[in-house]
Amino acid sequence: MAGSGSTAQQNAMKHWLQEYQNACPEVQLRYNPIGSGGGVAEFLLGATHFGGSAPPLSEDDVEFSSRACPGSRAIDLPMVGGPVAIGYNVDGVDSLVLDASTLARIFDSRITTWNDPEIRRLNPGAQLPETEISAAHRSDDSGTTQNFNAYLADAAPDDWPYEKAKAWQARGGHAASGSDGVVSTVSSQNGSIGYFELSFAKAEGIPTVKLDTGAPEPVEVSARTASAGIAAAKIVGSGQDLTLEFDYRTSAPGRIRSCWSPTKSSAPRATPPTRCPH
């Protein structure tokens, strides 16, 4: 069985596939982390059995999926939630606080040095260098990008005029393919900043930004703070549709909404097996 898609999902998928094949060694599984856009496209063309994507399929995609799923259609299966971290690499800076407005202007190339007055305001007493900022973003269509775009558009609407899309639209910066590419850029280049699922930052030892959300203390990205954010979300779907609506502007203590990427896999509608398939 073959799947492809979200790079944010790849670490979890690697673990799941290994565990499944340990239990069912006769089953061959593979997952190619090519990004949400590529995963959905391959699935809809019938090239894979499932596709991993942070955003769910659009109505047009679901309608089109009947060609890949004769006699049925694709459904979205919630798989995993992963905190999307903002990682950075600035010599001599071990702790960094930013807010949504400042992040928007950094990633839109309107704040260009690390000692900018807005960054200094959020980090009093920190020794911030004059180093030029290199903001890394995804070059491929990405669910992680879509989640980051959605956060900035809602939390900093005056500073982020771009659509909540999988494709990067802001000005300047450094483009890299996949989460691995963004991580590689940030880990190797002084002055860089980028966005990716938290497990990548932990694996590479990359420090992550704390967010000034208006809460009494800046909020650190973690499974705990992201889980608190999703727990507060509202279900806006009906029946078996469990679509959630998030509060990107929350200022509740210990709750971070910018760092939650609900990753899904699209698969043909069917009854899941109760044991290893043969």
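Right above here is the structure, for reference.
Everything numeric here is computed off the predicted structure, so don't read it as measured data.

**Q** I would appreciate a short explanation of the overall build of the chain in the present structure.
**A** Of regular secondary structure, the chain possesses nine helices and 14 strands. The C-alpha radius of gyration of the chain comes to 19 Å, within 12% of the 19 Å expected for a compact globule of 278 residues. Relative to its full complement of 278 residues, the chain shows a buried share of 47%. Taking the contacts inside the chain whose residues are at least 6 apart along the sequence as the reference set, 69% of them involve residues at least 24 apart. As presented, the chain carries roughly 13,600 Å² of accessible surface, and 49% of it is formed by carbon and sulfur atoms.

**Q** I'm lost on the pattern of salt bridges in this one. Help?
**A** Once their charged atoms are close, side chains differing in charge can pair, the charge on each being opposite to the other. Under the defined criterion, the tally for this structure stands at eight salt bridges. A salt bridge links Arg110 to Asp108; the shortest N-O distance between them is 3.1 Å. Owing to a relative accessible area of 37%, Arg110 belongs among the partly exposed residues under this scheme. Of the charged contacts in the structure, one is a salt bridge between Lys164 and Asp154, with a shortest N-O distance of 2.9 Å.

**Q** What exactly am I supposed to notice about the packing of aromatic side chains here?
**A** Where two aromatic rings form a pair, the distance of their centres and the angle of their planes describe that pair. Scanning the model with the defined rule gives nine aromatic pairs in all. Ring centres of Phe107 and Phe148 lie 5.1 Å apart, and the angle between their planes is 80°; on these two criteria the pair is classed as edge-to-face. Of this pair, Phe107 sits in helix 4 (residues 100-107) while Phe148 sits in helix 6 (residues 143-155), and the two are 41 residues apart along the sequence. Summarising the burial analysis for this pair, Phe107 and Phe148 share the class buried. Aromatic pair Trp160 and Tyr162: ring centres 4.9 Å apart, planes at 75°, arrangement edge-to-face. Across the pair, exposure class does not vary: Trp160 and Tyr162 are buried alike. By way of ring pairs, the aromatic residues Phe107, Phe148, Trp160, Tyr162, Trp168 and Tyr195 are connected into one cluster.

**Q** What is the right way to read the nonpolar core from this model?
**A** Side chains that are nonpolar tend, in soluble globular proteins, to be buried together. In this structure, Leu96, Leu103, Ile106, Phe107, Ile119, Trp160 and Ile193 are the most contacted members of the largest nonpolar core, which totals 35 residues. Looking at this core, the elements that each hand over two or more residues are strand 5 (84-89), helix 4, helix 6 and strand 9 (192-197).

**Q** Explain unusual backbone geometry to me, please; I cannot follow it from the model alone.
**A** For residues besides glycine, phi is generally negative; the peptide bonds are generally trans as well. Of note in the backbone geometry, Ser109 takes a positive phi value of approximately 60° without being a glycine. Looking at the element boundaries, Ser109 is found in the loop between helix 4 and helix 5 (117-122). Assessed through its relative accessible area of 35%, Ser109 is described here as partly exposed.

**Q** Would you mind showing me how to read the environment of Thr145 here?
**A** With respect to the helices, strands and loops of the structure, Thr145 is situated in helix 6. Apart from the residues lying within four places of it in its own chain, the contact partners of Thr145 are Arg138, Ala165, Lys166, Ala167, Trp168 and Tyr195.

**Q** Explain the pairing of strand 9 to me, please; I cannot follow it from the model alone.
**A** For a regular strand, side chains alternate in direction, first toward one face of the sheet and then toward the other. For strand 9, the buried fraction is high: six of the six residues fall into the buried class. Where strand 5 meets strand 9, six bridges bridge the pair, whose relative direction is antiparallel. Looking at the pairing, Gly87 lines up with Gly194 of strand 9. As defined by bridge partners, strand 7 (residues 134-138) adjoins strand 9 across three bridges and the pair is classed as parallel. Considered in strand 9, the bridge of Ser134 is made with Ser192.

**Q** Where do I start with the side chain of Ser179 in this structure?
**A** The topology assignment puts Ser179 in helix 7 (residues 178-188). Its relative accessible area of 1% is what places Ser179 among the buried residues. Among all residues touching Ser179, those that are not within four sequence positions of it are Thr7, Ala8, Arg138 and Phe200.

**Q** How do you make sense of a nonpolar patch on the surface when you look at a structure like this?
**A** Where nonpolar side chains cluster on the molecular surface, the patch consists of Trp16, Leu77 and Met79 and spans about 240 Å² of accessible area. Structurally, Leu77 can be placed in strand 4 (residues 74-82). Owing to a relative accessible area of 36%, Leu77 belongs among the partly exposed residues under this scheme.

**Q** Mind showing me how you'd approach the sheet that holds strand 8 (residues 174-176) here?
**A** Sheets are built from strands paired through backbone hydrogen bonds, the pairs being either parallel or antiparallel. An order of 5-9-7-8 is seen for the four strands of this open sheet, with the pairing classed as mixed. Only two strands of the sheet have a single neighbouring strand rather than two, namely strand 5 and strand 8. Between one strand and the next, the sheet's axes are offset by a mean angle of 30°, whatever the strand orientation. Running at roughly 110° to strand 9, helix 6 makes contact with strand 5, strand 7 and strand 9 of the sheet. Strands strand 5, strand 7, strand 8 and strand 9 of the sheet are contacted by helix 7, whose axis makes an angle of about 145° with strand 9.

What counts, and where the lines are drawn
- Residues numbered from 1 in each chain as written.
- Predicted model: local features only at pLDDT ≥ 70, side-chain atom pairs only at ≥ 80, totals over all residues.
- Heavy atoms only, no water.
- Helix = DSSP H or I, 4+ residues; strand = E, 2+ residues; numbered from the N terminus.
- Rg over C-alpha atoms; globule rule 2.2 N^0.38 Å.
- Buried < 20%, exposed > 50% of the residue type's maximum accessible area, 1.4 Å probe, protein only.
- Contact = heavy atoms within 4.5 Å.
- Areas by Shrake-Rupley, 256 points an atom, 1.4 Å probe, with all protein chains shown as cover.
- Salt bridge = Lys/Arg side-chain N within 4 Å of Asp/Glu carboxyl O.
- Phe/Tyr/Trp six-rings, centres within 6.5 Å; stacked < 30°, edge-to-face > 60°.
- Core = buried A, V, L, I, M, F, W, Y, C linked by side-chain atoms within 4.5 Å.
- Pairing = 2+ DSSP bridges.
- Patch = residues over 30% accessible without salt bridge, like charges linked within 9 Å, V, L, I, M, F, W, Y side chains within 5 Å.
- Axes fitted to C-alpha atoms, helices over the stretch in contact; angles between N-to-C directions.

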